[in-house]
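Now for the letters of each chain:
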Amino acid sequence: MMDWNPEHYLQFRSERTQPSIDLISRIEFDNPSLILDIGCGPGNSTRVLAERWPQSHVIGLDNSETMIEKAKNDYPEMEWILAEAATYEPERKADILFSNAAIQWMDHHDTLLQKFYHLLSDNGLLAVQVPLFRDMPLGKCIDRIARDTRWKYQLEDVSTLLTIHNYSFYYDILSSLFNSTEVWETHYMHVLDSHLSILEMIRSTGLKPYLSRLADDIPKKKFEQEVLKSIEEDYPIQKNGKVIFPFHRLFFIARK
Ligand SMILES: C[S@@+](CC[C@H](N)C(=O)[O-])C[C@H]1O[C@@H](n2cnc3c(N)ncnc32)[C@H](O)[C@@H]1O
């Protein structure tokens, strides 16, 4: 899959960071020594962690070179690690393991969550947000459009690149490992400028694996046009010209 484009990703910095701010506001932890942000991207959420716990050592980890470069460039005073989350072995255990909008890009969530458990200190806490992309009309539309005969063969297995389970799946795994587990969901109402803005917002995330497969410019453009058409049908223009993009997200906090 093509690497991430941090500039595009950060065009929607506020919409993408708000879930981190909300998740962090629900974490009760005095003086964590080490905080690990898994799939930190360009560091937007890692920065919020560092502001919330200024005395703690905060490390951002990501397997994308472009994302880590951007994070290093914007926040040179912080520690950034280019690594694969599933195989990363830290020098010491973390008190908080945080991950915003990242684990959906990793597979085998049962073993991944066990791995996260083992990266935590004795009273460590795991805090995660997962976008429920497939529950949203747009996620369903993209899957439907991808089955069109024009690009069906190129896109056949793309939906398997995103791993997203429901609250029940995560609760069962977490409650078998941790002493306490909370799960909740939030519908964000992102107010965007136009239908095109919705396309722009998902182009650098949920749409990325599809566009990566469509190498040629013309199929890529046609695919995007189809997605834009379905966005225009599903999301009304408000009286002031804005378009609301409801975005469904799942959160969990688990404590040893
Ligand atoms: C949607 S971005 C989220 C960025 C950031 N956490 C935020 O709050 O906006 C997902 C990030 O997860 C990273 N990622 C995906 N798979 C990964 C893996 N297996 N190991 C480490 N990072 C991964 C991607 O490179 C990307 O930067």
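Residues numbered from 1 in each chain as written. Predicted model: local features only at pLDDT ≥ 70, side-chain atom pairs only at ≥ 80, totals over all residues. Heavy atoms only, no water.

Chemist: How should I be thinking about the sheet that holds strand S3 (residues 79-82) in this particular structure?
Modeler: Remark on secondary structure: sheet strands pair via backbone hydrogen bonds, oriented parallel or antiparallel. Strand order across the open sheet formed by seven strands is S3-S2-S1-S4-S5-S7-S6, with mixed pairing between neighbours. Pairing within the sheet leaves two strands with one partner each, and these edge strands are S3 and strand S6 (180-192). Each adjacent strand pair in this sheet contributes to an overall mean axis angle of 20 degrees, direction not counted. Pairing analysis gives five bridges linking strand S1 (residues 34-38) to strand S2 (residues 57-62), with the strands arranged parallel. Within the sheet, the bridge partner assigned to Leu-36 lies in S2 and is Ile-59. (Pairing = 2+ DSSP bridges. Helix = DSSP H or I, 4+ residues; strand = E, 2+ residues; numbered from the N terminus. Axes fitted to C-alpha atoms, helices over the stretch in contact; angles between N-to-C directions.)

Chemist: Please explain the site of the ligand as it appears in this structure.
Modeler: In the region of the ligand, 20 residues are neighbours, and Tyr-9, Gly-39, Ser-45, Asp-62 and Asn-100 sit closest. The contact in question runs from an oxygen atom of the ligand to an N or O atom on the side chain of Trp-4, over 3.3 Å. Between the ligand and Gly-39, the relevant distance is 2.7 Å, taken from a nitrogen atom to a main-chain nitrogen or oxygen of the residue. When isolated, the ligand has an accessible area of 590 Å², and the protein chains bury 97% of it. A molecule is said to occupy a pocket when more than half its atoms come within 2 Å of that pocket's grid points, and by this definition the ligand occupies the largest pocket. For the shell around the ligand, the per-class residue count stands at ten nonpolar, eight polar and two charged. (Near = heavy atom within 4 Å. Polar contact = N/O pair within 3.5 Å; in protein donor to acceptor, adjacent residues only side chain to side chain. Areas by Shrake-Rupley, 256 points an atom, 1.4 Å probe, with all protein chains shown as cover. 1 Å grid on protein atoms, 1.4 Å probe; cavity = no way out; pocket = protein on both sides within 12 Å on 5 of 7 lines; lining within 4 Å. Sits in = over half its atoms within 2 Å of the grid points. Nonpolar A, V, L, I, M, F, W, Y, C, P; charged D, E, K, R; others polar.)

Chemist: Could you clarify how one ought to interpret the packing of helix H9 (residues 195-203) against helix H11 (residues 217-234) in this entry?
Modeler: How two helices sit against one another is set out by the angle between their axes and by the gap between those axes. Relative to each other, H9 and H11 sit at 125 degrees, their axes nearing to 9 Å. The orientation of H9 relative to H11 falls into the category oblique. Note that H9 runs across H11; the crossing there is right-handed. Residues His-195, Leu-196, Ile-198, Leu-199, Ile-202 and Arg-203 of H9 lie in contact with H11, whose contacting residues are Glu-224, Val-227, Leu-228, Ile-231 and Glu-232. Residues of the contact of H9 with H11, tallied by class, amount to seven nonpolar, one polar and three charged. (Parallel < 35°, antiparallel > 145°, perpendicular 65-115°, else oblique. Left-handed = near helix turned anticlockwise from the far one by under 90°. Contact = heavy atoms within 4.5 Å.)

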